[in-house]
Amino acid sequence: MNGLRLKFLRGEEVKYISHLDLMRVFERALRRARLPVAYSKGFNPHPEMVFGLPLSVGVTSEAEYADFGIEGTIEPADFMRRLNSQLPSGLKVLEAKKKFTKDNIMASITMASYKITVSTEGSYERGFLLEKLKEFIERPSIIVKKETKSKVRDVDIKPMIHHLCLGDTEEGVFTINCLLSAGSSANLKPELLYDAFAETFGEGIKLKAIHRTGLFVSRNGVMVDPLDNTVLKGTNSKR
Amino acid sequence: MSMNNRISDDILRNVEKPARYTGNEWNVIQKDANSVKVRFAFCFPDVYEVGMSHLGMRILYHLINEREDSWCERVFAPWVDMEEKMRENGIPLFALESHDPVSVFDFVGFSLQYEMSYTNIINMLDLAGIPIRTAERTMEHPFVCAGGPCACNPEPLADIIDFFILGEGEEVINEVLDIYIEWKGNGTSREDFLDKISSVEGVYVPSFYDVQYNDDGTVKTVVPIKDKYPRKIRKRIIKDLDNVYYPEKVIVPFTDIVHNRMMLELFRGCIRGCRFCQAGFIYRPVREKNPEKLVECAEKLEESTGYEEISLASLSTSDYTGLGKLTDQLIEVMEPRKVNLALPSLRVDSFSLNLMEKAQKVRKSGLTFAPEAGTQRLRDVINKGVNEEDLINSVTIAFEGGWSTVKLYFMLGLPTETYEDIAGIADLGKKVVDAYMSVPKEKRGKGLKVTLSTSSFVPKPFTPFQWEAQDTIEMLIEKQRFLKDKIKSRYITYNWHEPELSFLEAVFARGDRKTGDVLIKAWEKGCKFDSWGDQFKFEKWIEAFEECGVDPAFYANRKRDYDEVFPWDHIDMGISKRFLLKENEKAYKGELTSNCRVSCSGCGAATFGSSICIKND
């Protein structure tokens, strides 16, 4: 099966729609653009598309990925242009490439990076904030309560935090940049990280926004952009 | 246009389904507010998912926006969680396109689809900062108008709505907007504008009419305060549906809504004349659209929306004369585009089952039948032209075709109903089970499921039953119990409606101006979203009636004399009272009235000059 992998952004205008809503938006945009997407067989044909890691409602992103099965041929640039003309504002395809590997995006994601914007009641010195972050990340374990369908259990999220640093600080606001485990084997939502941090920090801060800055797949232990040619080729699989 | 310029993330992150409030959907119409002369807020007094599914709103939204001088935006009732946040933060009711407060608009137009949405209208006006009563509005406030089926008895809302639009709105709305633009240029008073539009056929200005009551509380007279206002306000219809505006683009919501698909309107009106059914009378005469035009329209809609499903929207779709031709063509055009044809509930016969096989090709979902009453006697009383033999034949064909889930809809409390009629509902259910059993095992589908559903009869204006009493809540509960005990089969499930809501519906369906105070009082006591089970506060309603000194039973449970003046008698929906009276008498004799295609029964709609009436004359 021929395929394409797309990178797109999801802005403020569409941050409150659910993942299911987003898939419907793409499905209808594909139809309007009359793109040669492959459809599933059966009674209720659906376009073959796989999205990377779902975004929580309220989160924006500049690094979303999706794979599309193609029937026939179409140039990635053409696909991107035609799809963009049918997407509502707030959604925009940034890049499209041919995909040869059979691995789908959802199964290959291993990490995600975020920018968490925090608003503060007063103003804090940068040094103070750095100290707070250090204190947080140097704890031997960071236990949070994770809710599943049936129960609440304690989880140590520390092994899922790969990188954490203080970003910009301004009057009344600062940002945290982080790199977290993502995907099917281990997944840490940035909201959960923020909640744990806020608990350590104490009163006076409030979550303002979360923005996803990157999604990564891992190749031989190295983090790579999902649109990297080595990923799309699928060097492990036969050509 | 930047969005969310008023609603903060703090709020949206903490409400259910925030996409209800953010707009920005595909095909939404954005304009520059400063470059238009009229801003129209089309308000649906229910949540986004319900309002966005409404075909009338889709049509009028795009129709008004076709005008360069006007911008129509959408407004829905915020759900209770959002309303709480809005009130806490001083956020007024806003329109989805611009997020501007509704109070800055020229018009606020409400769609009246069901009586139990009236408290939401009051709540929305209050949230918008617009005075609830017409009399308290000034030049700085928008005009508040309303239309839709419930406008046929506008009286409960007479003190709240500045003017009503009766019947189909496509032409009237443009005429009203034209007059408004002229008036706005040299506008003197609100009354002056209302005076000007009162001469437009289909426009009703309640404040221009004086209502006098008899000592017993019934209406004595409704007279215009000036001779120049029409004594009777006549509804408008669109004579030629093939040439009336129909949007080729519709908004495609992000979030799932109740009817999330393209809708094709095949015709307006209904030929049947079931005596309980208001829609069957107030939308007369029947006018069909040409099948070729419909297919063309479907193609354009598909191209502009990318929807994966199309449905046929009309009152009794099986009565469309070109149904076979239309569905064949639609399937031919839509199949290669991978668009599914969703069929409404059709009269079940071999044609429709065949069509369902062709169109849906999916798992055999449930079939729906609406015999409405349990015995032939009572079905004749209500003029439901269905007999038991046809029904059993239909379900047998369906069972032979592999269907095994059947739903049957009935009403409890119909005029002349006896316990024998109610037992008949259980019998009919049993006969459906027997029909299934009579089909050889290898032919029929597995897992028979028969659902019997009863709603409570609500007498409505402009029906032959407008004189009838509704059963009391106690009587209805007793009848539900009786029926429940009669059902023995394990294949049959019985569902019923809470009669309290139907009771209130009966009050406001036939309410006069005095009931308007009750609406406001109930709202003050916290009533809103009454048709949403978990929000319904019946005891608050009863308090409201008591405090206003209004007896709800007078409206719901009282049988009217033939010569009583009704609160809606000055409204002309094209159906004569004489005809309805004759139909009422025929009901008691169990006499049937034939449908409009067989012969004209002289309902009065022929004066609109539609082709079906002319053929029959």
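As the structure is a computational prediction, the values presented were derived from the model and not from experiment. (Residues numbered from 1 in each chain as written. Chains lettered and ligands numbered in written order. Predicted model: local features only at pLDDT ≥ 70, side-chain atom pairs only at ≥ 80, totals over all residues.)

1. Describing the overall build of chain B
So, point 1. Of regular secondary structure, chain B possesses 21 helices and 19 strands.
So, point 2. Relative to the compact-globule value of 25 Å for 617 residues, chain B shows a C-alpha radius of gyration of 25 Å, a close match.
So, point 3. Burial analysis of chain B (617 residues in total) assigns 48% to the buried set.
So, point 4. Counting contacts in chain B only where the partners sit at least 6 residues apart, residues at least 24 apart contribute 76% of the total. (Helix = DSSP H or I, 4+ residues; strand = E, 2+ residues; numbered from the N terminus. Rg over C-alpha atoms; globule rule 2.2 N^0.38 Å. Buried ≥ 20, exposed ≤ 12 C-beta atoms within 10 Å, placed from the backbone. Contact = placed C-beta atoms within 7 Å.)

2. Digging into the overall build of chain A
So, point 1. Assigned secondary structure in chain A consists of six helices and eleven strands.
So, point 2. The globule rule puts the C-alpha radius of gyration for 239 residues at 18 Å, and the 20 Å found for chain A is close to it.
So, point 3. In terms of overall dimensions, chain A has a C-alpha envelope of 60 × 35 × 35 Å along the principal axes.
So, point 4. Of all 239 residues assigned to chain A, the portion counted as buried reaches 33%.
So, point 5. Partitioning the contacts of chain A with sequence separation of at least 6, the portion at a separation of at least 24 is 73%.

3. Here's the deal with the sheet that holds strand S10 (residues 262-265) of chain B
Within a sheet, neighbouring strands are paired by backbone hydrogen bonds and run either parallel or antiparallel to one another.
All names here are of chain B.
So, point 1. Pairing in this open sheet of three strands is parallel, and the strands run S10-S13-S14 from one edge to the other. Only two strands of the sheet have a single neighbouring strand rather than two, namely S10 and strand S14 (340-342). Looking at each pair of strands side by side, their axes are set apart by 30 degrees on average, direction ignored.
So, point 2. Strand direction decides the pairing type here: strand S13 (residues 309-313) and S14, joined by three bridges, are parallel. Bridging from a neighbouring strand, Glu309 pairs with Asn340 of S14.
So, point 3. Each of S13 and S14 touches helix H10 (residues 323-334); the most contacted strand, S14, lies at about 150 degrees to it. (Pairing = 2+ DSSP bridges. Axes fitted to C-alpha atoms, helices over the stretch in contact; angles between N-to-C directions.)

4. Some thoughts on the sheet that holds strand S3 (residues 107-111) of chain B
Residues and elements named next belong to chain B.
So, point 1. Strand order across the open sheet formed by six strands is S2-S1-S3-S4-S5-S6, with mixed pairing between neighbours. With partners counted over all chains shown, the strands left at the sheet margins are strand S2 (70-76) and strand S6 (203-204), one partner each.
So, point 2. Note that S3 and strand S4 (residues 143-147) share five bridges and pair parallel. Bridging from a neighbouring strand, Val108 pairs with Val144 of S4.

5. Some points on the pairing of strand S17 (residues 449-456) of chain B
Residues and elements named next belong to chain B.
So, point 1. By the alternation rule, side chains of S17 split into Val450, Leu452, Thr454 and Ser456, which are all buried, and Lys449, Thr451, Ser453 and Ser455, of which none is buried.
So, point 2. Bridging between strand S16 (residues 405-412) and S17 involves eight bridges; their strand directions are parallel. Paired with Met411 across the two strands is Ser455, which belongs to S17.
So, point 3. In this region the chain leaves S16, passes through helix H14 (residues 419-438) and returns to the parallel neighbour S17; the handedness of that crossover is right-handed.
So, point 4. As paired elements, S17 and strand S18 (residues 492-496) share five bridges and run parallel to each other. From the neighbouring strand, Val450 faces S18, where its bridge partner is Ile492.
So, point 5. Of the crossover connections in this fold, the one passing from S17 over helix H15 (residues 473-486) to the parallel S18 is right-handed. (Right-handed = clockwise from strand over helix to strand, strands pointing away.)

6. What to know about the interface of chain B and chain A
So, point 1. Chain B puts 22 residues into the contact, and the matching count from chain A is 22 residues.
So, point 2. Its residues placed into classes, the side of chain B that touches chain A shows nine nonpolar, six polar and seven charged. (Nonpolar A, V, L, I, M, F, W, Y, C, P; charged D, E, K, R; others polar.)

7. Observations concerning the environment of B:Ser455
All names here are of chain B.
So, point 1. Examined against the element boundaries, Ser455 turns out to sit in strand S17.
So, point 2. Along the chain, Ser455 and Met411 lie 44 residues apart, while their C-alpha atoms are 4.9 Å from each other.
So, point 3. Those residues in contact with Ser455, other than ones at most four positions away along the chain, are Met411 and His497.

8. With respect to H14(B)
So, point 1. Its 20 residues give H14(B) an end-to-end C-alpha distance of 28 Å, which sits within 8% of 28 Å, the value for a rise of 1.5 Å per residue.
So, point 2. Along H14(B), the positions that sit buried rather than exposed are B:Asp421, B:Ile422, B:Gly424, B:Ile425, B:Ala426, B:Leu428, B:Gly429, B:Val432, B:Ala435 and B:Tyr436. (Expected span 1.5 Å × (residues − 1).)

9. Here we look at the domain arrangement of chain A
All names here are of chain A.
So, point 1. Split into domains, chain A comes out as domain 1 (2-99) and domain 2 (110-218).
So, point 2. Using only C-alpha atoms to locate each centre, domain 1 and domain 2 end up separated by 29 Å.
So, point 3. Listed as interface residues are ten residues of domain 1 and, on the opposing side, eleven residues of domain 2.
So, point 4. Here the residues of the side of domain 1 that touches domain 2 are counted per class, giving five nonpolar, four polar and one charged. (Domains from an automatic or database assignment.)

10. Some thoughts on the pairing of strand S8 (residues 161-170) of chain A
Residue and element names in this part refer to chain A.
So, point 1. Inspection of the sheet shows S8 paired to strand S9 (residues 173-181) by seven bridges, in the antiparallel sense. By the bridge assignment, Leu164 is partnered in S9 with Cys178.
So, point 2. Where S8 folds back onto S9 in an antiparallel hairpin, the turn is made up of two residues, including Gly172, whose phi is positive at roughly 80 degrees.

11. Topic: the packing of H14(B) against H15(B)
Residue and element names in this part refer to chain B.
So, point 1. The interhelical angle for the contact between H14 and H15, taken along N-to-C directions, is 45 degrees, at an axis separation of 9 Å. Taken as axis vectors, H14 and H15 run oblique relative to one another. Seen along the crossing, H14 lies across H15 with a hand that is right-handed. Here H14 contributes Tyr419, Ile422, Ala423, Ile425 and Ala426 to the contact with H15, which in turn contributes Lys479, Phe482, Leu483 and Lys486.
So, point 2. For the contact of H14 with H15, the class distribution of residues is seven nonpolar, no polar and two charged. (Parallel < 35°, antiparallel > 145°, perpendicular 65-115°, else oblique. Left-handed = near helix turned anticlockwise from the far one by under 90°.)

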